[in-house]
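Structure at a glance
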Amino acid sequence: MSLLAFFLFTILVFSSSCCSATRFQGHRYMQRKTMLDLASKIGINYGRRGNNLPSPYQSINFIKSIKAGHVKLYDADPESLTLLSQTNLYVTITVPNHQITSLSSNQTIADEWVRTNILPYYPQTQIRFVLVGNEILSYNSGNVSANLVPAMRKIVNSLRLHGIHNIKVGTPLAMDSLRSSFPPSNGTFREEITGPVMLPLLKFLNGTNSYFFLNVHPYFRWSRNPMNTSLDFALFQGNSTYTDPQTGLVYRNLLDQMLDSVLFAMTKLGYPHMRLAISETGWPNFGDIDETGANILNAATYNRNLIKKMSASPPIGTPSRPGLPIPTFVFSLFNENQKSGSGTQRHWGILHPDGSPIYDVDFTGQTPLTGFNPLPKPTNNVPYKGQVWCVPVEGANETELEETLRMACAQSNTTCAALAPGRECYEPVSIYWHASYALNSYWAQFRNQSIQCFFNGLAHETTTNPGNDRCKFPSVTL
């Protein structure tokens, strides 16, 4: 090779290497910029399981008014997706659990799902995440779990077919996907899901550069044993700390502990750098009498401090992953009065149905924590000790009460024995009185079998004895 040829060859190789390195660095820069952009826009979960909620048009205007940057839907509602095209909001849509199996079975079905739920709206509607299912590992759904990653893969295939690369596909899991989460360094996934689900899932998420989505609610961890963990520690305030004895990492809040337990669990499976996103977190503003700490002050404190932490620039991250930007969705926009379960299930909202705040919160994180209006002092930050009854709500529909009365009395020969003619609770003879006794008796008898004092919104708990000297209502003692 002549000296001139060698010189030219050297320049060519150097230029190629230089450009490749520049392109790689540029890709990494854009990737991190996208992560920071997504993480800095705090999101809101917009659920619609209520019979008193405003229209999607009004709801989206409310979302804009609270300055959220991202909205997560629990479906792919066409009206909402159309309306969101007229906003600057990032959008997350969800594949319902019951559709996972069919999507996994056939690429054509997945293609049709994408054609129906994404292509008519994208890119005008800024869809950034598609979440396949919601907490499916929390249920005994082995068949659905096995179909999870295949369904996700087919959706990605369809997106790529249409040249769409900036929509990430994931699935939200709950903390119960872990066998152990304390101390954080002990974080380990449940054995029965590790091989069949978690390893394929992590491989998929890593290969598509997506996020591990987590529904993480410190309220439930704290409220199971409120006297063992500081409330301030759960609410991101105060000076209490916890040091992991294995790693020496110092924790200043409960959320970081829970997040790090998941990061350690993923590291043990060979994925130490998996990106994390919080698909749900929040604090209930109300609950049943035995649901300690569910009140407006705690909910406001948690969400305000959460937003302050997660919108910080540069990102704070967690003790095991400092500087990690974490896209975060607050749960939730409204209270949803048609959800089943205990009282807290229906009381995570930040807005009333008319758009007025249950408590003030600034999704930009710019308002100082001292800049909000005062809130009512809580009365339930320590566990209630005493008797509790279950009675119909004021104004309950008599026809519905009568149907529920029949249901309760049909479950056991003893539930409504005191309502028989001539017995101690027979009079006064009215649907409301008989239903009051029947619902309370049924709830007290079967509460240990997860029967809630709700009855489709007809009943609520009370600490006031509804009985009288002649008719003694059974009670539950907390």
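These numbers come from a predicted model, not from an experiment.

Of the regular secondary structure elements, the protein chain holds 13 helices and 18 strands. Principal-axis analysis of the C-alpha atoms gives the protein chain an extent of 115 × 55 × 45 Å. Looking at the 478 residues of the protein chain, the share that counts as buried comes to 50%. The contacts of the protein chain with a sequence gap of at least 6 include a subset with a gap of at least 24, amounting to 72%. Of the roughly 22,200 Å² that the protein chain leaves accessible, carbon and sulfur atoms contribute 53%.

Take helix H10 (residues 254–268) next. Taking 1.5 Å as the rise per residue, H10 with 15 residues should run 21 Å; its terminal C-alpha atoms sit 22 Å apart, in good agreement. Buried residues dominate H10, accounting for 13 of its 15 residues. With a side-chain oxygen lying 3.2 Å from the backbone nitrogen of Leu255, the N-terminal cap of H10 falls on Asn253. Gly270 occupies a position one or two residues after H10 and carries a positive phi of about 95 degrees.

Below, the discussion takes up the pattern of salt bridges. Working definition: two side chains of opposite charge can pair if their charged atoms are close together. Summed over the entire model, instances satisfying the criterion amount to 10 salt bridges. With a shortest N-O distance of 2.6 Å, Arg48 and Asp75 are connected by a salt bridge. Taken together, the residues Arg48 in the loop between strand S1 (43–46) and helix H2 (56–65) and Asp75 in the loop between strand S2 (70–73) and helix H3 (78–84) connect sequence positions 27 residues apart. Taking the shortest distance from any N to any O, the salt bridge between Glu402 and Arg406 comes out at 3.0 Å. With Glu402 and Arg406 both in helix H12 (residues 398–410) and 4 residues apart, this pair spans about one turn of that helix. In this structure Glu402 comes out as partly exposed when scored by relative accessible area, which is 28%. Judged by its relative accessible area of 53%, Arg406 is exposed.

All right, on to the environment of Thr241 then. Tracing the backbone through its elements, the reader meets Thr241 in the loop between helix H9 (231–234) and strand S10 (242–243). On a C-alpha basis, the gap between Thr241 and Pro120 in space is 50 Å, while along the polypeptide they are 121 residues apart. Among residues more than four places away in sequence, those in contact with Thr241 are Phe233, Val250, Tyr251 and Arg252.

Here the focus is the sheet that holds strand S12 (residues 275–281). On the basis of which strands lie adjacent, the open sheet formed by 9 strands has the order S5-S4-S3-S2-S1-S15-S12-S9-S6 and parallel pairing. Of all the strands in the sheet, just strand S5 (168–170) and strand S6 (172–174) have a single pairing partner and so form its edges. Averaged over neighbouring strand pairs, the angle between their axes works out to 25 degrees when direction is ignored. Docked against the sheet, helix H5 (residues 107–117) engages strand S3 (90–95) and strand S4 (126–132), running at close to 140 degrees with respect to S3.

Right, let's get into the pairing of S3. Note on strand geometry: in a regular strand, side chains alternate between the two faces of the sheet. The buried count for S3 comes to 6 of 6 residues, which makes it a mostly enclosed element. Every second residue of S3 is oriented toward a common face, with Tyr90, Thr92 and Thr94 on one face and Val91, Ile93 and Val95 on the other, all of them buried. In this structure, S2 lies alongside S3, joined through 3 bridges in parallel fashion. Residue pairing across strands places Val71 opposite Val91, the latter belonging to S3. In this view, the connection linking S2 to its parallel neighbour S3 by way of H3 has right-handed handedness.

This next bit is on the UniProt feature "domain: X8" (unreviewed entry) in the protein chain. Summarizing the sequence annotation, UniProt attributes the feature "domain: X8" (unreviewed entry) to residues 388–473 in the numbering used throughout. Note that residues 388–473 is 34% helix and 10% strand, and that its end C-alpha atoms are spaced 10 Å apart.

Domain annotation for the protein chain reports domain 1 (21–351) and domain 2 (387–477). Here the C-alpha centroids of domain 1 and domain 2 sit 39 Å apart. Of the residues lining the interface, 8 residues belong to domain 1; the matching set on domain 2 comes to 7 residues. Summing both partners gives a buried area of about 600 Å² for domain 1 against domain 2, and 55% of it is carried by carbon and sulfur. By the criterion of area lost to domain 2, the three top residues of domain 1 are Asp288, Ile289 and Arg346, representing 60% of everything that side buries. The interface formed by domain 1 and domain 2 contains 1 salt bridge. With a shortest N-O distance of 2.7 Å, Asp290 and Arg447 are connected by a salt bridge. Connecting domain 1 to domain 2 are 2 residue pairs in polar contact (both at pLDDT 80 or more). A breakdown of the residues in the side of domain 1 that touches domain 2 according to their chemical character gives 1 nonpolar, 3 polar and 4 charged.

Quick notes on the rules
Residues numbered from 1 in each chain as written. Predicted model: local features only at pLDDT ≥ 70, side-chain atom pairs only at ≥ 80, totals over all residues. Heavy atoms only, no water. Helix = DSSP H or I, 4+ residues; strand = E, 2+ residues; numbered from the N terminus. Buried < 20%, exposed > 50% of the residue type's maximum accessible area, 1.4 Å probe, protein only. Contact = heavy atoms within 4.5 Å. Areas by Shrake-Rupley, 256 points an atom, 1.4 Å probe, with all protein chains shown as cover. Expected span 1.5 Å × (residues − 1). Polar contact = N/O pair within 3.5 Å; in protein donor to acceptor, adjacent residues only side chain to side chain. Salt bridge = Lys/Arg side-chain N within 4 Å of Asp/Glu carboxyl O. Pairing = 2+ DSSP bridges. Axes fitted to C-alpha atoms, helices over the stretch in contact; angles between N-to-C directions. Right-handed = clockwise from strand over helix to strand, strands pointing away. UniProt positions renumbered as here; feature names shortened; annotations may be inferred. Domains from an automatic or database assignment. Buried area = accessible area lost by both parts, 1.4 Å probe. Nonpolar A, V, L, I, M, F, W, Y, C, P; charged D, E, K, R; others polar.

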